[in-house]
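Fold and contact review
Residue strings, one per chain:
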Amino acid sequence: MAKSHSPRKGSRAYWPKKRAERVYPNVQTYPKVEKAAPLLFAAYKAGMSRAELTDTRKDTITSGQSLVRSVTVLDCPSMIVGGIKLYKKTAYGAKDSGIVWMDKLPKDLYRKTNIPKKTDSKAGIGKNEKNIDKFDEVKLLVFTKPRESGIGKKKPELFEIALGGKDTKEKWEYAKSKIGSEIKINEVLSAGEFVDVIAVTKGKGFQGPVKRFGVKIRPRKHEKKRRHVGNIGAVTPGRVLPGAIAMPGQLGFQTRTEHNKKILKMGEKGGEINPKGGFVNYGLVKGNYIIVAGSVPGPKKRLIMLRKAIRPHKEAHPVDLKKVYLDSQQ
């Protein structure tokens, strides 16, 4: 009898369940937006709180009533556009065609990566502008300003963000105007908007199948172990099928995306959102911040990517935020 060939059956969910390559994610998928503007912003997770707001939805039992919801506060210091990256499409994917660095790179960026000692943005822009029609994608190379956050660290995060726009020329003109300058949260997002939250989750280390997959603990009278699965496979085929059995291994510290988190409020004065004594294990929010409904992946101090919603809700209900509780969390 000839062997049959077919793809593996069933969903393997997130596989392999291994640690993320770095502590903040590399976002590669973006929505299509015609306006020339950044499609992503990065913020530090300060902590959670409670907020009282009015349910503005029409078809709910609690319509028009006051609700108390859990919210997440994100510290949003501005990002600096350190350079412009140009790409060409090839049969093997997008090919990097070089970087146009800003003038006078800050000293803190040397803590993160090796960068050229002498940079000339005008020369780099003039060199690439003649052949801008040959490029297919323009992205911004940005870095964060952690000294302005409540974390207290010095080394910035360096990553790329995509731009909206009708064509490459429009993206290039916007990138030229922003190189060496700051991008603030209100230039990318607005209150009441839905965003996709992308982050690396809390790391739990090496865990067993009960905690990792929710396997039921076997009764006391069962033979041998109790916190494991009973049978790991059939007689035929004479092997353990990949992804089919709950096994111990790495749990957490994996890149995950949560869609359509609503921005309830944006502000510029962090003092109006800090609880008494500050956020535990974070400190004080000093400047720009946003409040997002619900929870966000990752522990405090982790960098969270806020992307414009790639599949937003059709109906956007107005936000009526009454107050945020500032009780001490100590």
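Up top is the structure these notes are about.
What counts and how
- Residues numbered from 1 in each chain as written.
- Predicted model: local features only at pLDDT ≥ 70, side-chain atom pairs only at ≥ 80, totals over all residues.
- Heavy atoms only, no water.
- 1 Å grid on protein atoms, 1.4 Å probe; cavity = no way out; pocket = protein on both sides within 12 Å on 5 of 7 lines; lining within 4 Å.
- Points joined across faces, edges and corners; volume = space filled by probe spheres on them.
- Nonpolar A, V, L, I, M, F, W, Y, C, P; charged D, E, K, R; others polar.
- Phe/Tyr/Trp six-rings, centres within 6.5 Å; stacked < 30°, edge-to-face > 60°.
- Lys NZ or Arg CZ within 6 Å of the ring centre and 35° of its normal.
- Helix = DSSP H or I, 4+ residues; strand = E, 2+ residues; numbered from the N terminus.
- Buried < 20%, exposed > 50% of the residue type's maximum accessible area, 1.4 Å probe, protein only.
- Lys, Arg positive; Asp, Glu negative; His and termini not counted.
- Salt bridge = Lys/Arg side-chain N within 4 Å of Asp/Glu carboxyl O.
- Polar contact = N/O pair within 3.5 Å; in protein donor to acceptor, adjacent residues only side chain to side chain.
- Contact = heavy atoms within 4.5 Å.
- Arc of directions from axis to C-beta.
- Core = buried A, V, L, I, M, F, W, Y, C linked by side-chain atoms within 4.5 Å.

A few words now on empty space enclosed by the protein. Per the counting criterion, the structure on display carries 1 cavity of 30 Å³ or more. Every residue lining the largest cavity is listed: Arg 22, Pro 25, Asn 26, Val 27, Tyr 30, Leu 40, Phe 159, Glu 160 and Met 305. Residues of the lining of the largest cavity, tallied by class, amount to 6 nonpolar, 1 polar and 2 charged.

Attention now goes to the packing of aromatic side chains. Inspection of the entire model under this criterion finds 1 aromatic pair. In this structure, Lys 139 packs its charged tip against the face of Tyr 87, placed 5.7 Å from the ring centre. Here the basic side chain of Arg 256 rests over the ring of Tyr 14, its NZ or CZ set 3.7 Å away from the ring centre.

Another point: the side chain of Lys 45. Within the secondary structure, Lys 45 sits in strand β1 (residues 40-54). Although Lys 45 is buried, it makes no salt bridge; Glu 258 carries the closest opposite charge, 8.5 Å away. Of the polar contacts made by the side chain of Lys 45, one reaches the backbone oxygen of Val 296; its length is 2.9 Å. Within the structure, Lys 45 has its side chain in polar contact with the backbone oxygen of Gly 298 (distance 2.7 Å). Dropping the residues within four chain positions of it, Lys 45 is found in contact with Thr 72, Val 73, Leu 74, Tyr 282, Val 296, Pro 297, Gly 298, Pro 299, Lys 300, Lys 301, Arg 302 and Ile 304.

Among all positions in helix α2 (residues 168-178), only Thr 168, Lys 171, Trp 172, Tyr 174, Ala 175 and Lys 178 are buried. All buried residues of α2 project into a common sector of 165° when viewed along the axis, lining one side. Against β3 (79-90), α1 (121-129), β5 (137-143) and β7 (182-183) lie the buried residues of α2. Phi for Gly 180, located one or two positions after α2, is positive at around 85°.

In this structure, Leu 140, Phe 159, Met 305 and Leu 306 are the most contacted members of the largest nonpolar core, which totals 70 residues. Of the residues forming this core, the biggest block, 8 residues, is contributed by β1. Sequence-distant contacts of Phe 159, defined by excluding residues within four places in its chain, comprise Arg 22, Tyr 24, Leu 40, Ala 42, Met 79, Leu 140, Leu 141, Val 142, Thr 144, Leu 303 and Met 305.

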